[in-house]
Amino acid sequence: MIESSLKELSKALADKKISSVELTQLYLDRMASLNHSLNAFITPTPEFALEVARRADEYRAKNNGHRLLGIPMANKDNLLINGQRTTCGSRMLGDFIAPYTSHVVESILSAGMVPLGKLNMDEFAMGSSNQTSYFGVVRNPWDLTRVPGGSSGGSAAAVSARLSPIATASDTGGSIRQPASFTNTCGLKPTYGLVSRYGVIAFASSLDQVGALGRSVEDVALFMEVIAGHDSRDSTSLSQPVASYVAALETLANTSHSGGRSLEGLRIGLPKEMFVEKGIDAPIWAALEEAKATFSRLGATLIPISLPHISHSVAVYYVIAPAEAFSNLARYDGVRYGYRTPEYADLQEMYTKSRAEGFGEEVKRRIMIGTYMLTEESFNIYYIQAQKVRRLITDDFNRVFTECDVLLGPSTPITAFEIGSVAMEDPLQMYLNDIFTIPANLTGMPALSIPCGFTEQGLPIGMQLMGPLLSEELLFKVGHAYQQVTQWHQQAPNISVQH
């Protein structure tokens, strides 16, 4: 069962080949066996999961229910669930019990899906390796000496290792797509506003977006139909109805014969700024060349294009994101909730020591950068200028989408690196891992990372598809067509041998 797709699990439950309780217990047992090696879960919730599963079985006995009714899943630990611990990977929230439930989890529970627990992550989603979590590093199922990527490393590791069939994740600068690339999973960063951020602990509010990590494009598309949609409690939530993503994939399958030329007429843009051979590891470059050939065989036309301002994306991001983080994290002061230092002489010392002891080094680094960016002397020099360049980057993408339908590029310039090899003392090297993913967050457009190969050492390689605002349906179609004629996404890690 652990190798089954969401559709296959849905059919097995509907045909009563297995109950939700039995399926949930299967994943809980696997979690108990393997999580000590991976550290993907911070807080397993087996009692809650089995209770939800029992309710799903009772409902199914009397009603048809949602097609994902009774299917297990897992949540990144920055989504609130009423009465459950939500840590955001930080000592600051190590004992925090959520007083309400996020819109995303409300939607998941309404569909009858079964949350298995809360997944590990870089502290406050700040990191590209899942090495900054207060609860320890997450290990990559494909090689336990390597990182799974971040900040959604727990989500990626859990799905890749079959500890959960699907997982929520969040993406502020690549935190879904980079882990997807490192773990041979599929990850979508949706259009900004497509998924509500109500009840999601904020990092950088104009960049954060909740999405999904799954084993196939089809699984991600099916799950996105659950979590996407308007929420009046989020002022940035989009109001238009959610597309039927899976129906679009079924239409694609019906019009395609054994793969065929199912992408006939599609124009795929190849940004020259992303195809710089010297800046990309050789195996990734080779995998991208093979992927381009596959898309050509499927009938797509490949068009060279240019995005002249994306070279500034990393610099723009590391002005805007820390500034917004500084603002969002000011609430953690040891007074209202969160960690409070046990010893202090006065109020000022309580503030200082609580924040110094409660936050990790990377979070403190970004708070300090953000503080500087918002000072009176720096605001106009850096922050306002960064917002202007952000607009230029967005204009570049709007222009090229008049020439092509989607863009193709690498998800990351490297494959999964060894734990500790990119040290905190060299943060710039870590930040550059997001060089290809950051533009989608700055522009708000959707981007999808899917598997496209392996290195000789067996490390996964991912490629990224990007589209204009609200083009998720098209991205799913393109990614699904690719996965109909390739088998990369079907490969699974053999972690039982490794640990």
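Anything mentioned here points back to the structure above.
Summarised in this report is the structure supplied together with it. (Residues numbered from 1 in each chain as written. Predicted model: local features only at pLDDT ≥ 70, side-chain atom pairs only at ≥ 80, totals over all residues. Heavy atoms only, no water.)

With respect to the overall build of the protein
Argument step 1. Check the secondary structure of the protein and you find 17 helices and eleven strands.
Argument step 2. Compactness check: the protein gives a C-alpha radius of gyration of 22 Å against a globular reference of 23 Å for 499 residues, within 12% of the reference.
Argument step 3. In terms of its C-alpha atoms, the protein occupies a principal-axis envelope of roughly 75 × 55 × 45 Å.
Argument step 4. A sequence separation of at least 24 residues applies to 75% of the contacts in the protein between residues at least 6 apart.
Argument step 5. When the accessible surface of the protein is summed, it comes to about 18,500 Å², and 53% of that surface belongs to carbon and sulfur atoms.
Argument step 6. With 41 positive and 50 negative side-chain charges, the protein shows a separation of 3 Å between the mean positions of the two kinds. (Helix = DSSP H or I, 4+ residues; strand = E, 2+ residues; numbered from the N terminus. Rg over C-alpha atoms; globule rule 2.2 N^0.38 Å. Contact = heavy atoms within 4.5 Å. Areas by Shrake-Rupley, 256 points an atom, 1.4 Å probe, with all protein chains shown as cover. Lys, Arg positive; Asp, Glu negative; His and termini not counted. Charge placed at Lys NZ, Arg CZ, Asp CG, Glu CD.)

Re the layout of surface pockets
One simple way to see leftover space: roll a probe sized like a water molecule over the atoms.
Argument step 1. In this structure, the largest pocket occupies an estimated 370 Å³ of space.
Argument step 2. The wall of the largest pocket is formed by 19 residues, among which Y100, V200, I201, A202 and R331 lie closest to the centre.
Argument step 3. Looking at the lining of the largest pocket residue by residue, the class counts come to eleven nonpolar, three polar and five charged.
Argument step 4. Contributing to the lining of the second largest pocket are 13 residues, with S5, R215, S216, H489 and Q490 lying nearest its centre.
Argument step 5. Those elements that provide at least two residues to the lining of the second largest pocket are α7 (217-227) and α16 (472-484). (1 Å grid on protein atoms, 1.4 Å probe; cavity = no way out; pocket = protein on both sides within 12 Å on 5 of 7 lines; lining within 4 Å. Points joined across faces, edges and corners; volume = space filled by probe spheres on them. Nonpolar A, V, L, I, M, F, W, Y, C, P; charged D, E, K, R; others polar.)

Digging into unusual backbone geometry
Argument step 1. Residue S151 follows G150 across a cis peptide bond; omega there is 5°.
Argument step 2. Positionally, S151 belongs in the loop between β3 (114-119) and α5 (153-160).
Argument step 3. You will see that F124, though not glycine, has its phi angle at about 50°, which is positive.
Argument step 4. Examined against the element boundaries, F124 turns out to sit in the loop between β3 and α5.

Section: the nonpolar core
Argument step 1. Formed by 138 residues in total, the largest nonpolar core has its most connected members in F124, M224, F295 and F476.
Argument step 2. In this structure, F476 is in contact with L188, V217, V220, A221, M224, Y245, L249 and L448, ignoring residues within four places of it in sequence. (Core = buried A, V, L, I, M, F, W, Y, C linked by side-chain atoms within 4.5 Å. Buried < 20%, exposed > 50% of the residue type's maximum accessible area, 1.4 Å probe, protein only.)

Some points on the packing of aromatic side chains
Argument step 1. In this structure the tally under the stated criterion is 17 aromatic pairs.
Argument step 2. Joined through ring pairs, the aromatic side chains of F96, F124, Y332, Y337 and F359 make up one cluster.
Argument step 3. The lysine or arginine in question, K292, covers the ring of F275, its NZ or CZ lying 4.8 Å from the ring centre. (Phe/Tyr/Trp six-rings, centres within 6.5 Å; stacked < 30°, edge-to-face > 60°. Lys NZ or Arg CZ within 6 Å of the ring centre and 35° of its normal.)

Let's talk about α7
It helps to recall that an α-helix has 3.6 residues per turn; residues three or four apart then point in one direction.
Argument step 1. In terms of burial, α7 is largely enclosed, as ten of its eleven residues are buried.
Argument step 2. Within the span of α7, buried status applies to V217, E218, D219, V220, A221, L222, F223, M224, V226 and I227.
Argument step 3. Following α7 by one or two positions, G229 adopts a phi angle in the positive range, close to 135°.

Looking at the pairing of strand β4 (residues 166-171)
Argument step 1. In terms of residue burial, β4 counts as a mostly covered element, since six of its six residues are buried.
Argument step 2. Neither face of β4 is open: one carries I166, T168 and S170, the other A167, A169 and D171, and all of them are buried.
Argument step 3. Relative to strand β6 (residues 209-214), β4 runs antiparallel, the two being bridged by six bridges. Of the residues in β6, the one forming a bridge with A169 is G211. (Pairing = 2+ DSSP bridges.)

Notes on the environment of A32
Argument step 1. Mapped onto the fold, A32 is located in helix α2 (residues 20-38).
Argument step 2. A32 sits in the exposed class, given a relative accessible area of 63%.
Argument step 3. Separated by twelve residues in sequence, A32 and P44 place their C-alpha atoms 9.0 Å apart.

What to know about the packing of α7 against α16
Argument step 1. At their nearest, the axes of α7 and α16 sit 9 Å apart, and the two run at 150° to each other. One way to sum up the angle between α7 and α16 is to call them roughly antiparallel. Listed contacts from α16 to V217, E218, V220, A221 and M224 of α7 are F476, G479, H480 and Q483.
Argument step 2. Residues of the contact of α7 with α16, tallied by class, amount to five nonpolar, three polar and one charged. (Axes fitted to C-alpha atoms, helices over the stretch in contact; angles between N-to-C directions. Parallel < 35°, antiparallel > 145°, perpendicular 65-115°, else oblique.)

A word on the pattern of salt bridges
Argument step 1. One pass over the full model with this rule turns up 25 salt bridges.
Argument step 2. A salt bridge links D395 to R391, with the shortest nitrogen-to-oxygen separation between them at 3.2 Å. You can see D395 and its partner R391 sitting in helix α13 (residues 376-400), four residues apart, about one turn around the helix.
Argument step 3. D395 gets classed as partly exposed once you look at its relative accessible area, which sits at 37%. (Salt bridge = Lys/Arg side-chain N within 4 Å of Asp/Glu carboxyl O.)

Focus on the side chain of K189
Argument step 1. Mapping K189 onto the fold places it in strand β5 (residues 186-189).
Argument step 2. Within the structure, K189 has its side chain in polar contact with the backbone oxygen of M445 (distance 2.6 Å).
Argument step 3. Leaving out residues up to four positions away in the same chain, K189 has contacts with D171, I176, R177, Q209, A440, N441, G444, M445, P446 and A447. (Polar contact = N/O pair within 3.5 Å; in protein donor to acceptor, adjacent residues only side chain to side chain.)

Concerning the side chain of S107
Argument step 1. Along the chain, S107 turns up in helix α4 (residues 103-110).
Argument step 2. Under the relative-accessibility criterion, S107 is labelled buried at 14%.
Argument step 3. Once residues lying within four places of it in the same chain are set aside, the contact partners of S107 are V226 and I227.

From the geometry alone we can't say anything about function, so treat these as descriptive.
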